[in-house]
Amino acid sequence: MSSDNASQMPVHNPDQPIIAAAADCPPEKSKNQDKNEAKRKAKMEKFLAKQAAGKATTPDAAVAAAPKKEKEPKAEPKPKPAFVNTTPVGEKKDMTEPMADSYNPVAVESAWYSWWETHDFFAPKTGPDGEISSKGRFVMVAPPPNVTGKLHIGHAMFVAIQDSIVRWNRMRGITTLFVPGCDHAGISTQVVVEKQLWMNEKLTRHDLGREAFVGRVWDYKNQYAGTIMNQFRRLGASYDWPRERFSLDDMLTRATRETFVRMFNDGIIYRSSRLVNWCHHMNTALSSLEVENLALTGPTMLSIPGYPAEEKFEFGVMIHFAYQVEDSDERIIIATTRIETMLGDTAIAIHPDDERYKHLHGKFVRHPFVDRRIPIITDA
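Computed from a prediction, not measured in an experiment: that's the story for all the values here.

K.L.:
Tell me about the side chain of S238, residues and numbers included.
P.N.:
Take S238: it is sitting in the loop between α10 (210–234) and β4 (245–246). Here the side chain of S238 touches R170 through a polar contact of 3.1 Å, side chain to side chain. Once residues lying within four places of it in the same chain are set aside, the contact partners of S238 are Y113, F122, D163, V166, R167, R170 and F178.

K.L.:
Give a description of the nonpolar core that names residues and reports values.
P.N.:
Within the largest apolar cluster, 23 residues are counted, with the highest numbers of intra-cluster contacts made by F178, C182, M229, F232, Y239 and W241. If you tally residues by element for this core, the top one is α10, at seven residues. With sequence-adjacent residues up to four places away left out, Y239 is seen in contact with Y113, F122, A142, V159, F178, V179, P180 and F232. If you look at the next biggest cluster of nonpolar residues, it comprises eleven residues, including I348, I350, L360 and I376.

K.L.:
Lay out the side chain of Q162 with the relevant residues and their values.
P.N.:
Mapped onto the elements of the fold, Q162 is located in helix α7 (residues 153–171). A residue is classified by how much of its surface remains accessible, and Q162, at 12% relative accessible area, is buried.

K.L.:
Any chance you could break down the pairing of strand β10 (residues 331–336) for me, citing the residues and the numbers?
P.N.:
Pairing between strand β9 (residues 319–325) and β10: six bridges, direction antiparallel. Pairing of I319 across the sheet is with T336, part of β10. What sits between the antiparallel neighbours β9 and β10 is a turn of five residues, in which D327 has the positive phi angle 55°.

K.L.:
Mind laying out the environment of K150, listing which residues take part and the relevant values?
P.N.:
Turning to its location among the elements, K150 is positioned in the loop between β1 (137–141) and α7. K150 sits in the exposed class, given a relative accessible area of 55%. The spatial distance from the C-alpha of K150 to the C-alpha of I228 is 5.9 Å, given a sequence separation of 78 residues. Among residues more than four places away in sequence, those in contact with K150 are Y224, T227, I228 and Q231.

K.L.:
Let's hear about the sheet that holds strand β13 (residues 373–378): which residues, and what values?
P.N.:
Overall, mixed pairing links the five strands, which are arranged β10-β9-β12-β13-β11 in an open sheet. Every interior strand has two partners, whereas the edge strands, β10 and β11 (348–350), have only one. Geometrically, the sheet is characterised by an average inter-axis angle of 40° between neighbouring strands, direction not taken into account. Relative to strand β12 (residues 364–366), β9 runs antiparallel, the two being bridged by two bridges. Directly across from V325, in β12, lies its bridge partner V365.

K.L.:
Just give me the short version of helix α8 (residues 186–201), but keep the residues and values in it.
P.N.:
Taking 1.5 Å as the rise per residue, α8 with 16 residues should run 22 Å; its terminal C-alpha atoms sit 22 Å apart, in good agreement. Burial in α8 covers these residues: I187, T189, Q190, V193, E194 and L197. Down the axis of α8, the smallest arc covering the buried residues is 155°, so these residues share one side. Turned more than 90 degrees from where α8 packs its buried face, K195, M199 and N200 sit exposed. Considering only its buried residues, α8 is in contact with α9 (205–208), α10 and β6 (284–286). Looking at the residues trailing α8, positive phi occurs at K202, about 55°.

K.L.:
An account of the packing of aromatic side chains is requested, with residue identities and associated values reported.
P.N.:
With the rule as written, the count across this model stands at twelve aromatic pairs. Aromatic pair F232 and Y239: ring centres 5.1 Å apart, planes at 70°, arrangement edge-to-face. With relative accessibility at 1%, the residue F232 sits in the buried group. For Y239, a relative accessible area of 1% translates into the label buried. Here Y307 and F313 contribute two aromatic rings whose centre-to-centre distance is 5.1 Å and whose plane-to-plane angle is 70°, an arrangement assigned as edge-to-face.

Conventions and cut-offs
- Residues numbered from 1 in each chain as written.
- Predicted model: local features only at pLDDT ≥ 70, side-chain atom pairs only at ≥ 80, totals over all residues.
- Heavy atoms only, no water.
- Helix = DSSP H or I, 4+ residues; strand = E, 2+ residues; numbered from the N terminus.
- Polar contact = N/O pair within 3.5 Å; in protein donor to acceptor, adjacent residues only side chain to side chain.
- Contact = heavy atoms within 4.5 Å.
- Core = buried A, V, L, I, M, F, W, Y, C linked by side-chain atoms within 4.5 Å.
- Buried < 20%, exposed > 50% of the residue type's maximum accessible area, 1.4 Å probe, protein only.
- Pairing = 2+ DSSP bridges.
- Axes fitted to C-alpha atoms, helices over the stretch in contact; angles between N-to-C directions.
- Expected span 1.5 Å × (residues − 1).
- Arc of directions from axis to C-beta.
- Phe/Tyr/Trp six-rings, centres within 6.5 Å; stacked < 30°, edge-to-face > 60°.

Here's what the structure looks like:
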């Protein structure tokens, strides 16, 4: 080799690493890398094949842009003729008409009940001599709804349950009786009638007098009792209608008086003086169910029925007063919201274990307004 050629050859610097060969030669792949690469290629080929197949089946732009056919409007359904009940009252329903294509409760329920009632289908079935069926008897007196209004969904529920039980026993061949009726509702009916009387005529029951007012109550009863009984019929209840009763009918009134007199004579009930809910406006006692309770958090001015609306009275006030212990300078303090009731006080009750009052056991106090000794009693 000549010296000229030797001078043109590169000279390696021992301090610099050799990397050129490594850069030109890629590192060897492992077997797993080769497999993964093959899978990726296969998936890509399938994807491209699906795309190509989709393009081949897709309609061209001209076909795709073709206008769609407009849907023909549906013909409006012909209005169904309104149902007209042509069956005479009390006769069996005419079933010759074609069956409707949908349920119509008016068409389905009409005419049947009057036919049932006319033929006494709900009367108890007895033998020729009036004897009860050998299979037994079943009697249910329907809980009478108050005559103060109309039936609601709660009445519909219990009528459906009761009537199902009655009909089931009737189908078993048992002599079955289902008694209908309604309740006079006492004070509630009186209140409703008085409100109507004042609203319509600006009159009170005292303006009318007892007999005339009782007549108004009976007019109200006849109006709403008839509505209630018709609602029962619409519900399909299988009552024995000739036995319909009102709680103030003469027969029931006599039975009520007889029952109370017997219980009084037997000592089951008794008459005595008791605290009652007295209504000064109606001048009568009210049951706890007929009292509307109002919770007060402190002194409150309220109007009272029977007084001018602008005149108000204070309620919710705790009043303290003292009873003088007999033969002593000591007093016992009482707290109440009804100071007027102290005129009827007959005893003072204290807890037997209350240390403050143990020395007063068995003693008496003097009423400040009436000449009355009031005992101090213990009550736990």
